[in-house]
Amino acid sequence: MAQAAALILLVFGWLPIANWIPGGHDAPWYATRLTDWLSGGAIALGVGIVTAIVLRQSPRLWRDGAWAAVARRWRGLDRRADGVIAVLCIVVCAFVSRATFSTKPLFIDEIIQVYQARILASGHLWLAAPQFPQFSSAQLLLDWGGKVYGQFPVGGPAMLALGVLVHAVWLVGPVATGIGVYCFARLLRRVEGHDGTALAALLLYAFAPFTVFLGGTMMNHVTATTWVLAAALALACAAEDDQPHPRAAFLLGLALGVAATIRPADAAAFALPAAGWLLWRARAGRGHLAALLLSGLGVALPMVALFYVNAQQTGHPFEFGYIAMWGRSHEIGFHAAPWGAAHTPARGVELINLYFLRLQDYLFESAGPSLLFATLALGLTRRIRSFDRWVLAASGLLVLGYFAYWHDGFYLGPRFFLPLTPWLAWWTARLPVVLRARAVAVPVVRGTVAAGVTALLLGAATSVPIRAEQYRNADVSRHFDVDSAAASQGVHDALVLVREWWGGQLVAEMWAMGVNRADAEHDYRWNDACRLQSAIDETRADGSGPAGLARRLAAFRGDSARLVVNRAHSDTAVRIVPGSALSPKCLRRMAEDSAGFVTYTPLLLVHGHGNRYVRDLHATDSLLHPFSHGTPVWLLTEAPQAGAPLRFERVSADSAERDWMMP
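Analysis parameters
Residues numbered from 1 in each chain as written. Predicted model: local features only at pLDDT ≥ 70, side-chain atom pairs only at ≥ 80, totals over all residues. Heavy atoms only, no water. Helix = DSSP H or I, 4+ residues; strand = E, 2+ residues; numbered from the N terminus. Rg over C-alpha atoms; globule rule 2.2 N^0.38 Å. Buried < 20%, exposed > 50% of the residue type's maximum accessible area, 1.4 Å probe, protein only. Contact = heavy atoms within 4.5 Å. Areas by Shrake-Rupley, 256 points an atom, 1.4 Å probe, with all protein chains shown as cover. Salt bridge = Lys/Arg side-chain N within 4 Å of Asp/Glu carboxyl O. Pairing = 2+ DSSP bridges. Core = buried A, V, L, I, M, F, W, Y, C linked by side-chain atoms within 4.5 Å. Phe/Tyr/Trp six-rings, centres within 6.5 Å; stacked < 30°, edge-to-face > 60°. Lys NZ or Arg CZ within 6 Å of the ring centre and 35° of its normal. Axes fitted to C-alpha atoms, helices over the stretch in contact; angles between N-to-C directions. Parallel < 35°, antiparallel > 145°, perpendicular 65-115°, else oblique. Left-handed = near helix turned anticlockwise from the far one by under 90°. Nonpolar A, V, L, I, M, F, W, Y, C, P; charged D, E, K, R; others polar. Disulfide = S-S within 2.5 Å. Expected span 1.5 Å × (residues − 1).

## Notes on the overall build of the chain
(1) Moving on: For the chain, the count of helices and strands is 28 helices and 9 strands.
(2) Moving on: Against the 2.2 N^0.38 benchmark of 26 Å for 663 residues, the chain shows a C-alpha radius of gyration of 27 Å, consistent with a compact globule.
(3) Moving on: In terms of overall dimensions, the chain has a C-alpha envelope of 85 × 60 × 50 Å along the principal axes.
(4) Moving on: Taking all 663 residues of the chain together, 53% fall into the buried category.
(5) Moving on: For the chain, contacts bridging at least 24 residues in sequence account for 77% of all contacts bridging at least 6.
(6) Moving on: Working note: accessible area of the chain is about 28200 Å², and carbon and sulfur atoms make up 64% of it.

The following block contains the structure:
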């Protein structure tokens, strides 16, 4: 089983399989990264070889037992030591949240889940839908049927709602990560027989850059992983010996049930092998059978709450918001994706390959490949324990699940694989013990440790600061404090029209006429933007709705292969057919994009100084009657220079009406 896992890591974590499959996803950066791994790894290997040679000649230079003494001290301090490491992890993640992410939700998943969290914290499961949802719609926000709520399972936003209630939602990720570290520490004390390995695994997981950077966000992968680690600790207690442990089994089920309310697929991957283990133990008598049943009860309690929320939001207990929004094409399986090409086994192979290749960088940010030690440890190990089998089975199911899932889950690294991080850290820390069990010479083992530590230190000194700067400068406009900018420019109690990029306006207008999210995304990606704008205008004029729009766009279906990207900004693009005529309206929209714009979705969370932020849709703005009540109207844009401050421009009724009258 361990060797099979090593083979998977070896094949998918080292070979550019995605580049060998025509079409679909690929890794154009592979050659560069391979060069970096080889050069950085060569430096670390050189240090290891020199260390092994020197120690063979002068073994006294290595203070034998020093790390073992530290680990014994850690074991002796018990909960206090685990608590200190967990608190340090929280502090580091909180620092990252402030210094790198400005304590703001930056990714759309985070933004919508914080929006959901605010709804929950207000005591509601949804908000009343506005009369004109196009002015405040967002890609992952359902705003029909009289309700507004996010598409995500309720558990993740519920975790964030705790932070909303104490006005520190940005601390939920760091605190959850620290709690997960504490659970992992208690788990390692129970199941890892070598204290030095246990402490090394704990520190590798707690301060791995992948753990810390994601821990500084509001992504639901963080809280889901924390509950998985809590479940792992409870499972270790429930299966500790031949005696039944009903209480631990109940807590196991409860933790997995809560994880399922956050990320159901992740929870299922860890729950199925756990259920099989408890079912096997149930052969031993009634006490074990009672433990199995109590674990099922623990799972059921959070799931009942999840199904209740689903029923209230979507009208069906087993229909999640993302299914209501995107349809069954959003589910796991090989079928047409919500937009674009169908998900096939070949694309699944590409995605799994990309996830493991990315882990080589993002897991430890080391000078060499991050998965090297774990791959060697798994491949060389002779015997594994029952708990190892559970970890490997659950990890395998997680990988299989995302093999069958169509979306490329990349944000700050392969985020779908965050639940694998503690186990990869554990196997990384096991390599010295595995080498000694294989009777490898002591100086070689010490040289291997020296090489690994060198790779980690080099990465911490070089790669980690670069990565932090990269994250800090990504989409700078989302880091801006809009409330402070409004206050400094005297904007208060106003209607603020947000000048979003042209593509965002096109998609919002399609949503407004009843086009579902999947079709709107497809139409945007596979049509000339100018023709799409004309089709939207004509459809809105005759009221023919989605069917009319589809009929008009069908005439241009053959042009999709000729589309090219026309970028007006670093992170947005519209598609055009080369040589096609551009209407005056299209030229204006392109000019507006070049002059600066703001991504609207983050402004869903901004309500300071009595301001109301809505998407600027030009002539459609007249539906809001913005000047009828004496409310000041402002236009919010961003200067075209990267990192320039946001601009508030006062809008007069005359200038707005002139804009509305333009064809």
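## Thoughts on the environment of alanine 474
(1) Moving on: In this structure, alanine 474 sits in the loop between helix H21 (463–473) and helix H22 (482–488).
(2) Moving on: Classification of alanine 474 by relative accessible area gives partly exposed; the value is 40%.
(3) Moving on: Between the C-alpha atom of alanine 474 and that of arginine 647, which follows or precedes it by 173 residues, the distance is 20 Å.

## Quick word on the pattern of salt bridges
(1) Moving on: For the structure on display, the rule yields 28 salt bridges.
(2) Moving on: Between arginine 33 and aspartate 36 there is a salt bridge, with its nearest N and O atoms 2.1 Å apart. With a gap of 3 residues between them, arginine 33 and aspartate 36 both fall in helix H3 (residues 30–57), about one helical turn apart.
(3) Moving on: The partly exposed category is assigned to arginine 33, whose relative accessible area is 22%.
(4) Moving on: Salt-bridge contacts for aspartate 82 lead to arginine 186; the nearest nitrogen and oxygen are separated by 2.7 Å. Of this pair, aspartate 82 sits in helix H5 (residues 79–99) while arginine 186 sits in helix H8 (residues 172–191); the two residues are 104 residues apart in sequence, bridging distant segments of the chain.
(5) Moving on: Since its relative accessible area comes to 1%, aspartate 82 is described here as buried.
(6) Moving on: Residue classification places arginine 186 among the buried positions, given a relative accessible area of 13%.

## Here we look at the side chain of glutamine 151
(1) Moving on: Relative to the helices and strands, glutamine 151 is located in the loop between strand E3 (147–150) and helix H7 (155–165).
(2) Moving on: We classify glutamine 151 as buried; its relative accessible area is 6%.

## Some points on unusual backbone geometry
(1) Moving on: For aspartate 78, which is not glycine, the phi dihedral falls at a positive 50°.
(2) Moving on: Tracing the chain through its elements places aspartate 78 in the loop between helix H4 (66–77) and H5.
(3) Moving on: In this structure aspartate 78 comes out as partly exposed when scored by relative accessible area, which is 30%.
(4) Moving on: The backbone of glutamate 365 shows a phi angle near 55°, a positive value even though the residue is not glycine.
(5) Moving on: Assignment of secondary structure puts glutamate 365 in the loop between helix H16 (345–362) and helix H17 (372–380).
(6) Moving on: Under the relative-accessibility criterion, glutamate 365 is labelled buried at 4%.

## A look at the pairing of strand E8 (residues 633–638)
The side chains of a regular strand alternate, residue by residue, between the two faces of the sheet.
(1) Moving on: Burial runs high along E8: 6 of the 6 residues are buried.
(2) Moving on: Taking every second residue as pointing to the same face, both faces of E8 are buried, with Val633, Leu635 and Thr637 on one and Trp634, Leu636 and Glu638 on the other.
(3) Moving on: The sheet contact formed by strand E4 (residues 495–498) and E8 spans 4 bridges and is parallel. Each residue of the ladder has a partner; that of leucine 495, found in E8, is valine 633.

## Quick look at the nonpolar core
(1) Moving on: Core analysis: the biggest nonpolar cluster contains 166 residues, and Phe387, Trp390, Phe417, Trp423, Tyr613 and Phe648 have the highest contact counts within it.
(2) Moving on: Top element by residues in this core is helix H11 (residues 220–238). It accounts for 12 residues.
(3) Moving on: Setting aside its immediate chain neighbours within four residues, tryptophan 423 contacts Phe184, Leu187, Leu229, Ala232, Phe270, Phe387, Trp390, Val391 and Ser395.
(4) Moving on: If you look at the next biggest cluster of nonpolar residues, it comprises 23 residues, including Met510, Leu532, Ala535 and Cys586.

## Here's the deal with the packing of aromatic side chains
What describes a pair of aromatic rings is the distance from one ring centre to the other and the angle between the planes of the rings.
(1) Moving on: Applying the stated criterion across every chain yields a total of 25 aromatic pairs.
(2) Moving on: Between phenylalanine 184 and tyrosine 205 the ring centres are 5.4 Å apart and the planes differ by 75°, which places this aromatic pair in the edge-to-face class. Here phenylalanine 184 is found in helix H8, whereas its partner tyrosine 205 is found in helix H9 (residues 195–206), with 21 residues between them in sequence.
(3) Moving on: A residue is classified by how much of its surface remains accessible, and phenylalanine 184, at 0% relative accessible area, is buried.
(4) Moving on: The residue whose ring lies beneath arginine 283 is tryptophan 280, and the NZ or CZ to ring-centre distance is 3.7 Å.
(5) Moving on: Above the ring of tryptophan 426, the side-chain terminus of arginine 430 is found at 4.4 Å from the ring centroid.

## Notes on the packing of helix H13 (residues 264–281) against helix H14 (residues 286–314)
(1) Moving on: Taken N-terminus to C-terminus, the directions of H13 and H14 make an angle of 155°; their axes are 8 Å apart at the nearest point. Between H13 and H14, the interaxial angle falls into the category roughly antiparallel. Handedness of the crossing formed by H13 with H14: left-handed. Residue-level inspection shows Ala275, Leu278, Leu279 and Arg281 of H13 in contact with H14, the latter providing His288, Leu292 and Ser295.

## Focus: the packing of H11 against helix H12 (residues 246–262)
(1) Moving on: Interhelical geometry of H11 versus H12 gives an angle of 165° and a closest axis separation of 8 Å. If you check the angle between H11 and H12, you find them roughly antiparallel. Seen along the crossing, H11 lies across H12 with a hand that is left-handed. For the pair H11 and H12, the contacting residues are Asn220, Thr223, Ala224, Trp227, Val228, Ala230, Ala231, Ala234, Leu235, Cys237 and Ala238 in the first and Ala248, Ala249, Leu251, Leu252, Ala255, Leu256, Val258, Ala259 and Ile262 in the second.
(2) Moving on: Considering only residue class, the contact of H11 with H12 consists of 18 nonpolar, 2 polar and no charged.

## Examining H7
(1) Moving on: A large share of H7 lies buried, amounting to 8 of its 11 residues.
(2) Moving on: Along H7, the residues classified as buried are Gly155, Gly156, Pro157, Met159, Leu160, Ala161, Gly163 and Val164.
(3) Moving on: Taken from the residues just after H7, histidine 167 is the one with a positive phi, measuring 60°.

## Comments concerning the state of the cysteines
(1) Moving on: Using the criterion set out here, one finds 1 disulfide in the structure.
(2) Moving on: Paired by a disulfide, cysteine 530 and cysteine 586 hold their sulfur atoms 2.0 Å apart. Disulfide cysteine 530-cysteine 586: the torsion about the S-S bond is 100°, which places it as right-handed. With cysteine 530 in helix H25 (residues 529–542) and cysteine 586 in helix H27 (residues 584–595), this residue pair connects regions lying 56 residues apart in the sequence. In this structure, cysteine 530 and cysteine 586 share a single accessibility class: buried.
(3) Moving on: Counting only cysteine sulfurs, cysteine 237 is the nearest neighbor of cysteine 183, a cysteine outside any disulfide, at a range of 10 Å.
(4) Moving on: A relative accessible area of 11% means that cysteine 183 is categorised as buried.

## Quick word on H4
(1) Moving on: Helix length check: H4, at 12 residues, gives a terminal C-alpha distance of 17 Å against a target of 16 Å (1.5 Å per residue), a fit within 8%.
(2) Moving on: Just past H4, the residue aspartate 78 takes up positive phi, approximately 50°.

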